Amino acid sequence: MSAALTDLARIDAVLGAAAERFDTPSYVYLTDLIEDRLADLQQAFGRWFALSYAVKSNPNPGLLDWLRERIDYLDISSGGEFTLAARAGWQAERISFTGPAKRRDELQAVIAADLGELVIESLREARLANEIAAASGRRQIVVVRLSPDRVPKGFGDHMAGRPSPFGIDIEEAPDALAEIAAMPHLRLAGLHIYSGTQSLKPAAICENWRIFMQIFRDTCAALDLRPEKLIFGSGLGIPYHPGDQALNLSEIAAEIGPELDAFRAEPRFADTRLVLELGRHLVGEAGFFVTRVISVKESRGSRIAICDGGLNANLAASGNFGMVLRRNYVMHRVGGDDGGARPEEKLDISGPLCTSIDKLGGAVLLPRVEEGDLIAIHSCGAYGPSASPVYFISHPLPREVLSLGGQLIDVTRIRGENA
Ligand SMILES: Cc1ncc(COP(=O)(O)O)c(C=O)c1O
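Keep in mind that what you see is a predicted model, and the values were worked out from it rather than measured. (Residues numbered from 1 in each chain as written. Predicted model: local features only at pLDDT ≥ 70, side-chain atom pairs only at ≥ 80, totals over all residues.)

## Description of helix 6 (residues 123–135)
For helix 6, spanning 13 residues, the distance from its first C-alpha to its last is 18 Å, which sits close to the expected 18 Å at 1.5 Å a residue. The complete set of buried residues in helix 6 reads Glu 125, Ala 126, Ala 129, Asn 130, Ile 132 and Ala 133. Projected down its long axis, helix 6 carries its buried residues within an arc of 165°, all on one side. Those residues of helix 6 that are exposed and aimed more than 90 degrees away from the buried face are Arg 124 and Ala 135. Of the surrounding elements, those touching the buried residues of helix 6 are helix 5 (104–112), strand 5 (117–120), strand 6 (140–147), helix 7 (173–181) and strand 9 (186–193). (Helix = DSSP H or I, 4+ residues; strand = E, 2+ residues; numbered from the N terminus. Expected span 1.5 Å × (residues − 1). Buried ≥ 20, exposed ≤ 12 C-beta atoms within 10 Å, placed from the backbone. Arc of directions from axis to C-beta. Contact = placed C-beta atoms within 7 Å.)

Next up, the structure:
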């Protein structure tokens, strides 16, 4: 964990000021923590990889704008994300487009805008893109997403290694790639694999990248392709729950580095740009979800803090975004124990909705919490508002605040009517 992340007094000053100025529930993104993470990534992997940020993890326009001069590429997964990126000033040539169900209108829009790379996920999509590019007299650059037949154990979500909507199954790849390579209005520039997310296990991450390298080697040899780009889906996770061990990037680099060096040294890859695609590992830990305690109830031996934002504003922290068993996120009371005035005790934390799944914490040990207090949930910078059912029960929509040095900027994206 970066030293800055452990400085809770400093973080609380920012969170308290943001809540005061912009109200709650709110997401506060601390850009200095993202800077630290970028520096760590650069230090560990910069000699092999350029970085590509997966917009789906946090599409906040203020954040996309801030990232524009700090990261090499963006990966978008919809026409809507393309619009957000373009509005934030990103040039189309620095953008790749993944997604298993791209529509004709989305393909038309990005091809007309000179998208950097279209990440082809099926033959259907390649044929459609070829047809659209032909109609406008263009030749679209593509990379093909492959779906490995194996994902090592240790990822939160396995997107390959079993029947999967994502990418072209490696078993089908020889015929499919030959057909794509021959399409006159597509130019095959490389390959892409994203097969597992949210791993906190260095050995699993390294093993997965080993699988990628072997697939890239074999596939490029079969096609006699000298790729311009090979995109590695990072799988780098973040700690969410008490006891989770944060990744040590230099440990991963030390383990896989010699193999990446050897891979790079192969003549076929002499001019290849390797790209590491990632979302949550870059922005997740820099974001805090701040919710205010509206009411405290003593109920049958339990103390329950009922807050102004719950599942509606933060689905992931309620355990309903792809978690099999709900586990508490790491959280703290803003202001800590008020200089010892508040002894720790266990309490449950719920949101404002009329459903028992609206729970943000069970038996959490915190300094005594009272009405009006702020609770900050950690690791909420990715898959936040845009991955939450914000209109459910029509409570106030979550605010988003960017903390830039000493400055707080309201970057709330979802500003629609809540009723
Ligand atoms: C194609 C692709 N790229 C990037 C990501 C980002 O994953 P993460 O936020 O875990 O880095 C995902 C996640 O599902 C993905 O499917």
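## Brief notes about the pairing of strand 13 (residues 287–299)
Pairing of strand 1 (residues 26–30) with strand 13 involves four bridges; the strand directions are antiparallel. Paired with Tyr 29 across the two strands is Gly 287, which belongs to strand 13. The pairing of strand 13 with strand 18 (residues 374–377) spans four bridges and is antiparallel. Looking at the pairing, Val 290 lines up with Ala 376 of strand 18. Pairing analysis gives six bridges linking strand 13 to strand 14 (residues 302–307), with the strands arranged antiparallel. Each bridged residue has a counterpart across the sheet, and for Val 296 the counterpart in strand 14 is Ala 305. Taking the residues between adjacent antiparallel strands as the criterion, strand 13 and strand 14 are bridged by two residues, where Arg 300 takes a positive phi near 50°. (Pairing = 2+ DSSP bridges.)

## Re the UniProt feature "domain: Orn/DAP/Arg decarboxylase 2 N-terminal" (unreviewed entry) in the protein
As annotated in UniProt, the feature "domain: Orn/DAP/Arg decarboxylase 2 N-terminal" (unreviewed entry) corresponds to residues 33–283 in the numbering used here. In this annotation, residues 33–283 is assigned 41% helix and 20% strand; the end-to-end C-alpha distance for the span is 8 Å. (UniProt positions renumbered as here; feature names shortened; annotations may be inferred.)

## Here's the deal with the environment of Ser 77
Within the element layout of this structure, Ser 77 appears in the loop between strand 3 (73–76) and helix 4 (79–87). You can call Ser 77 partly exposed: it has 19 C-beta atoms within 10 Å. Separated by 28 residues in sequence, Ser 77 and Phe 49 have C-alpha atoms that sit 21 Å apart. Not counting chain neighbours up to four residues away, the residues in contact with Ser 77 comprise Lys 56, Thr 98 and Gly 99.

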